[in-house]
Every structure is written in C-alpha cells, then in structure tokens.
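A look at the structure
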Amino acid sequence: MSAVTDNYFSALIGRLETLRETLAEPMSRASAAICAAARADRRVYVFGTGHSHMLAEEVHYRAGGLAFTIPVLVGSAMLHEGAVISSVYERTEGLIRPVFERYGMQPGDVLIIASNSGVNAAPIEAADYGREIGATVIAITSLAYSAAIANGRRKLADIADIVLDNGLPPGDAMIELSGTELKVGPASTAVGATVLNAIFADVAAELCKDGNPPVYLSANMPGAKETNQRLVKKYRPRNPHL
C-alpha cells in the first residue's frame with residue numbers, strides 16, 4: 001500500500017471514529033424520527049444532487065435496507081444527463097418544488113437531504129418544502145463547508161430539524177498532494193453512506209420489537225423473491241421508483 005493510499009484509509013477511518021462519538025445524539029434522534037414514521041405507516045424520502053444523489057440510491061431497494069425509503073431522483077441534477085449542467089441546475093432557484101410535488105410527501109414523513117456544501121438552491125428548497133408539508137427534515141452536511149462558503153446565504157443546517165455534521169473540510173477532499181495546492185480523496189459519499197446505513201440498521205433493530213421489519217433480502221438469498229415481492233406490492237403505491 002502506498003503512503004497516499006494509507007493516508008486516505010487513515011483519514012477516512014479517523015473521521016468515522018470521530019463521528020461515532022460526535023453524531024451519537026443526532027443519529028439517535030434521527031433513528032427515533034424514522035421509527036415513528038415507520039410505525040405510523042409513513043415514508044422516508046432521501047434527496048441529494050450531484051454526487052450526493054448516490055445516498056438516495058444507497059438506501060433504495062437495497063439488500064438489508066428498509067422498504068419504506070423513497071429516493072427523490074432528479075435526473076437533471078444528477079450526473080448521468082450532463083455533469084456540468086447538473087451543477088447549474090442544483091444552483092437554480094425554483095426548479096425543485098415541482099419535482100417534490102409529484103412524490104406525494106405527507107405530514108409525518110421524514111425527508112433526509114444530503115448536501116455536503118449545504119448552500120445550493122436545490123437542497124434549501126427541498127428542506128423548505130419538507131418543513132411546509134410537515135415532514136421531519138434531516139440534513140447530512142458539512143458545517144465547516146457551509147460556514148466557509150455561505151457568504152450570507154441560507155444554510156441547510158439552519159433549516160433542518162436534525163443535523164448530521166459529517167465534519168469534513170471545505171471542498172470534501174482530505175489528502176494533500178505534495179508540491180501542489182491540490183487535494184484528493186473525497187469522503188462525503190463514504191461517510192454519508194456509513195451514517196445512513198448505521199441509522200437504518202438501528203431503526204430495523206427497534207422495529208423488530210413490533211415483529212419482522214420490512215427489510216429487503218438480496219435477490220440471491222433463499223426466500224428473497226417472495227419477501228421482496230410482498231414488500232414491493234405494499235410500498236409501490238407511494239414509491240414511483242419501484
């Protein structure tokens with residue numbers, strides 16, 4: 001293993017070790033909010049633009065994942081339809097509300113918004129919409145990044161009910177390249193996925209007290225076809241991506 005590779009592993013592991021302590025309380029509150037929504041037959045929506053959209057897909061129809069999660073997917077704000085234009089889209093005001101209106105979000109639902117910088121128009125408008133509907137809004141963001149670039153703009157962390165600060169530096173990348181001013185080794189996706197999966201695992205464990213929680217099985221596991229078909233049938237009416 002090269003020194004750079006080792007440094008990245010060390011930096012990422014160190015960040016996760018720190019978050020295990022600093023996020024213990026807000027992760028517990030996030031878990032409680034999601035449990036309450038699940039027990040009331042509500043849904044958990046997950047939204048992000050750019051690379052953050054991968055967190056929405058991370059928890060969607062995932063082996064070991066909970067079936068009441070719904071990704072909010074906006075092709076123009078992702079990467080596959082044009083990475084450059086997606087960056088423009090997520091900064092343009094007024095484009096996100098019509099997207100959210102088609103998902104049928106209801107009071108008592110949970111909306112998780114992933115935005116590392118936490119200042120672009122799309123996550124801000126999504127958070128406003130969730131609050132207006134009566135959903136619990138959970139943010140996964142970098143407070144340091146937001147503080148560094150806000151310049152008077154509203155920040156996602158100021159709107160959300162629960163803030164999960166990933167503790168990452170402005171710009172996301174953690175490893176300095178010797179002899180340059182460049183940094184490599186972004187970590188927001190790896191950290192965000194870990195935090196989300198930890199929360200949903202905790203939720204599933206809590207829901208076990210009520211019986212078997214709605215957890216998808218890997219398609220190659222025994223009984224997966226029957227279990228997953230049953231869950232899809234129940235949750236498809238409010239999830240356009242099933």
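Residues numbered from 1 in each chain as written. Predicted model: local features only at pLDDT ≥ 70, side-chain atom pairs only at ≥ 80, totals over all residues. Heavy atoms only, no water.

- Looking at an unreviewed UniProt entry, one finds the protein chain named Phosphosugar-binding protein, with Rhizobium miluonense as its source organism.

Quick word on the overall build of the protein chain
- Scanning the protein chain from N- to C-terminus turns up ten helices and seven strands.
- Its C-alpha atoms give the protein chain a radius of gyration of 18 Å, within 12% of the compact-globule value 18 Å for 242 residues.
- Here the protein chain holds 242 residues, and 47% of them are scored as buried.
- In the protein chain, the share of contacts with a sequence separation of at least 24, taken over all contacts with a separation of at least 6, comes to 75%.
- As displayed, the protein chain has an accessible area near 11,800 Å², and 53% of this comes from carbon and sulfur atoms. (Helix = DSSP H or I, 4+ residues; strand = E, 2+ residues; numbered from the N terminus. Rg over C-alpha atoms; globule rule 2.2 N^0.38 Å. Buried < 20%, exposed > 50% of the residue type's maximum accessible area, 1.4 Å probe, protein only. Contact = heavy atoms within 4.5 Å. Areas by Shrake-Rupley, 256 points an atom, 1.4 Å probe, with all protein chains shown as cover.)

Focus: the sheet that holds strand E4 (residues 136–141)
- In spatial order, the strands read E2-E1-E3-E4-E5; together these five strands make up an open sheet with parallel pairing. On the outer flanks of this sheet lie strand E2 (69–72) and strand E5 (162–165), each paired with one strand and no other. Strand-to-strand twist of the sheet, defined as the mean angle between neighbouring strand axes without regard to direction, takes the value 20°.
- Lying on the sheet, helix H6 (residues 121–133) is in contact with strand E1 (44–48), strand E3 (110–114) and E4; it crosses E3 at an angle near 170°. (Pairing = 2+ DSSP bridges. Axes fitted to C-alpha atoms, helices over the stretch in contact; angles between N-to-C directions.)

Details of the nonpolar core
- In terms of nonpolar packing, the biggest core is built from 41 residues, with Ile34 and Ile112 touching the most fellow members.
- The biggest single contributor to this core is helix H9 (residues 188–207), with nine residues.
- Dropping the residues within four chain positions of it, Ile34 is found in contact with Val44, Phe68, Val110, Ile112, Ile199, Phe200 and Val203.
- Counting residues in hydrophobic clusters, the runner-up holds 24 residues, among them Tyr45, Ile70, Tyr89 and Leu156. (Core = buried A, V, L, I, M, F, W, Y, C linked by side-chain atoms within 4.5 Å.)

Quick word on the environment of Glu132
- Along the chain, Glu132 turns up in helix H6.
- Classification of Glu132 by relative accessible area gives exposed; the value is 54%.
- Distance in space between the C-alpha atoms of Glu132 and Thr22 is 29 Å, their sequence separation being 110 residues.

Structural notes on the pattern of salt bridges
- Taken as a whole and assessed by the stated rule, the structure comprises twelve salt bridges.
- We note a salt bridge from Arg39 to Asp210, for which the minimum N-O separation is 2.7 Å. One end of the pair, Arg39, is in helix H2 (residues 24–39); the other, Asp210, is in the loop between H9 and helix H10 (224–235), with 171 residues separating them in the sequence.
- Where Lys209 meets Glu206, a salt bridge forms, and the shortest distance between an N and an O atom there is 2.9 Å.
- Its relative accessible area of 63% is what places Lys209 among the exposed residues.
- You can call Glu206 partly exposed: its relative accessible area is 26%.
- Beyond isolated ion pairs, a larger network of salt bridges with shared partners links Arg39, Glu206, Lys209 and Asp210. (Salt bridge = Lys/Arg side-chain N within 4 Å of Asp/Glu carboxyl O.)

Considerations on the packing of aromatic side chains
- Counted under the stated rule, the structure contains four aromatic pairs.
- Aromatic side chains Phe47 and Phe100 sit 5.2 Å apart centroid to centroid with 75° between the ring planes, which places their arrangement in the edge-to-face category. Here Phe47 is found in strand E1, whereas its partner Phe100 is found in helix H5 (residues 97–101), with 53 residues between them in sequence. No difference in accessibility class separates Phe47 from Phe100, as the two residues are buried.
- Consider the rings of Phe100 and Tyr129, whose centres lie 5.7 Å apart with planes at 50°: the pair is tilted. With Phe100 in helix H5 and Tyr129 in helix H6, this pair connects stretches of sequence that are 29 residues apart. (Phe/Tyr/Trp six-rings, centres within 6.5 Å; stacked < 30°, edge-to-face > 60°.)

Quick word on the side chain of Asn239
- Following the sequence through the fold, Asn239 ends up in the segment after H10.
- At 2.9 Å, the side chain of Asn239 and the backbone nitrogen of His241 are in polar contact.
- If we skip the residues at most four places from it in the chain, Asn239 touches His60, Thr69, Ile70 and Pro71. (Polar contact = N/O pair within 3.5 Å; in protein donor to acceptor, adjacent residues only side chain to side chain.)

Let's talk about the pairing of E2
- Side chains of E2 alternate between two faces, with Thr69 and Pro71 and Ile70 and Val72 buried alike.
- Both E1 and E2 contribute to a ladder of four bridges, which runs parallel. Across the sheet, the residue bridging to Tyr45 is Ile70, located in E2.
- Crossover connection from E1 via helix H3 (residues 53–58) to parallel E2: handedness right-handed. (Right-handed = clockwise from strand over helix to strand, strands pointing away.)

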